[in-house]
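Chain by chain, the residues run as shown.
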Amino acid sequence: LNNLHIRFLWIVVLWRSFMRRVSPRRVRLGPTSGRHVLKIRLKDHGVPVKVTWHTSCHAKRELGLGDEAKQLVRQLENVELKELQREDECYGFGGTFSVKQPMISGEMVQDKCSDVLKTGSDYLLSGDCGCLMNIQGSLDKQQSRVQSMHFASFLWERTRGSWDFFKWTTPVRKGFSKSFIFYE
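Calculation rules
Residues numbered from 1 in each chain as written. Predicted model: local features only at pLDDT ≥ 70, side-chain atom pairs only at ≥ 80, totals over all residues. Heavy atoms only, no water. Helix = DSSP H or I, 4+ residues; strand = E, 2+ residues; numbered from the N terminus. Buried < 20%, exposed > 50% of the residue type's maximum accessible area, 1.4 Å probe, protein only. Areas by Shrake-Rupley, 256 points an atom, 1.4 Å probe, with all protein chains shown as cover. 1 Å grid on protein atoms, 1.4 Å probe; cavity = no way out; pocket = protein on both sides within 12 Å on 5 of 7 lines; lining within 4 Å. Points joined across faces, edges and corners; volume = space filled by probe spheres on them. Nonpolar A, V, L, I, M, F, W, Y, C, P; charged D, E, K, R; others polar. Phe/Tyr/Trp six-rings, centres within 6.5 Å; stacked < 30°, edge-to-face > 60°. Salt bridge = Lys/Arg side-chain N within 4 Å of Asp/Glu carboxyl O. pLDDT = per-residue confidence, 0-100. Contact = heavy atoms within 4.5 Å. Core = buried A, V, L, I, M, F, W, Y, C linked by side-chain atoms within 4.5 Å.

**Some details on the overall build of the chain**
When its secondary structure is counted, the chain shows 7 helices and 6 strands. Burial analysis of the chain (184 residues in total) assigns 39% to the buried set. Total accessible area on the chain is roughly 11,300 Å²; 56% of this is exposed by carbon and sulfur atoms.

Right, here's the structure in full:
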């Protein structure tokens, strides 16, 4: 073994030790885990805002998810969730569709953007970063003030000052001062 191998082994040993101490207090927070974290109560520390929600095609059709993530957003007292009129419609970017059918894809995202703009929302939330990237690009071309954001980032920003968010985790152990959340 050379010096590089020894360093790598120490990194692995230290990482495993860290993860053993942290793992009892972590939760997977992503579009597929919403039904498992509904036991928590969120305390909102942000200014009043209006948001709307885009459900991705794969979350709804392939994973069979409902509105678990939206239920977490609804817990925030200063957040008004405005429903899209055509939430179930795709925005036209999935897979290679946007490459093979760019004109149709462009029209589909325009329809989704007009639906978002009709809500008067400040933010568009979703659990799918691909959806957010495409819709935000179209909104930017229209010079809209609507900002897209992953719902986990939105929840973190709204509850950052509130350790009530972490009350449901296991107690803090010696050597750690906070609980941890790992995003998918």
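**Describing the layout of surface pockets**
Here the largest pocket is characterised by a volume of approximately 210 Å³. Counting only elements with at least two residues in the lining of the largest pocket, the list comes to helix H2 (57-62) and helix H3 (68-74). Residue contributions to the lining of the largest pocket peak at 3 residues, all from H3. Residues that form the lining of the largest pocket fall into these classes: 5 nonpolar, 6 polar and 6 charged. Here the second largest pocket defines a volume of roughly 160 Å³. What lines the second largest pocket is Phe93, Ser98, Ser105, Gly106, Val109, Gln110, Asn134, Gly137, Ser138 and Lys141. Elements with a contribution of two residues or more to the lining of the second largest pocket: helix H5 (102-118) and helix H6 (129-141). Looking at the lining of the second largest pocket residue by residue, the class counts come to 2 nonpolar, 7 polar and 1 charged.

**Digging into the packing of aromatic side chains**
On inspection of all chains with the given rule, the structure shows 3 aromatic pairs. Arranged with centres 5.6 Å apart and planes meeting at 70°, the rings of Trp53 and Phe151 form a pair that is edge-to-face. Linking Trp53 in strand E2 (residues 49-53) with Phe151 in helix H7 (residues 151-159), this pair joins segments that are 98 residues apart in sequence. Here the aromatic rings of Tyr91 and Phe93 are separated by 6.3 Å at their centres, their planes lie at 25°, and the arrangement is stacked.

**Concerning the pattern of salt bridges**
A side chain with one charge can pair with a side chain of the opposite charge if their charged atoms come near. Overall, the coordinates contain 7 salt bridges when judged by the stated rule. The salt bridge partner of Glu83 is Arg74, with a shortest N-O separation of 2.9 Å. Among the residues examined, Arg74 registers a relative accessible area of 41% and is labelled partly exposed. When the shortest N-O distance is used, the salt bridge between Glu89 and Arg86 registers 3.3 Å. A relative accessible area of 39% places Glu89 in the partly exposed class. Put simply, Lys70, Arg74, Glu83 and Glu87 are held in one network by salt bridges that share partners.

**Observations regarding the confidence of the model for the chain**
For the chain, the mean per-residue pLDDT works out to 76, and 76% of the residues sit at or above 70. Across the chain, element-level confidence peaks in E2 with a mean pLDDT of 94 and bottoms out in strand E6 (residues 182-183) with 40. Counted against residues more than four places away or in other chains, residues 161-184, with its pLDDT under 50, gives 54 contacts.

**So, the nonpolar core**
Val51, Trp53, Val73, Val79, Leu125, Phe154 and Leu155 are the most contacted members of the largest nonpolar core, which has 16 residues in total. At the level of elements, E2, H3, strand E3 (79-82) and H7 are the ones that each hand at least two residues to this core. The residues contacting Phe154, other than those within four sequence positions of it, are Val49, Val51, Leu76, Val79, Tyr123, Leu125 and Met149. Of all hydrophobic cores here, the second largest spans 11 residues; its members include Val116, Leu124, Leu132 and Leu139.

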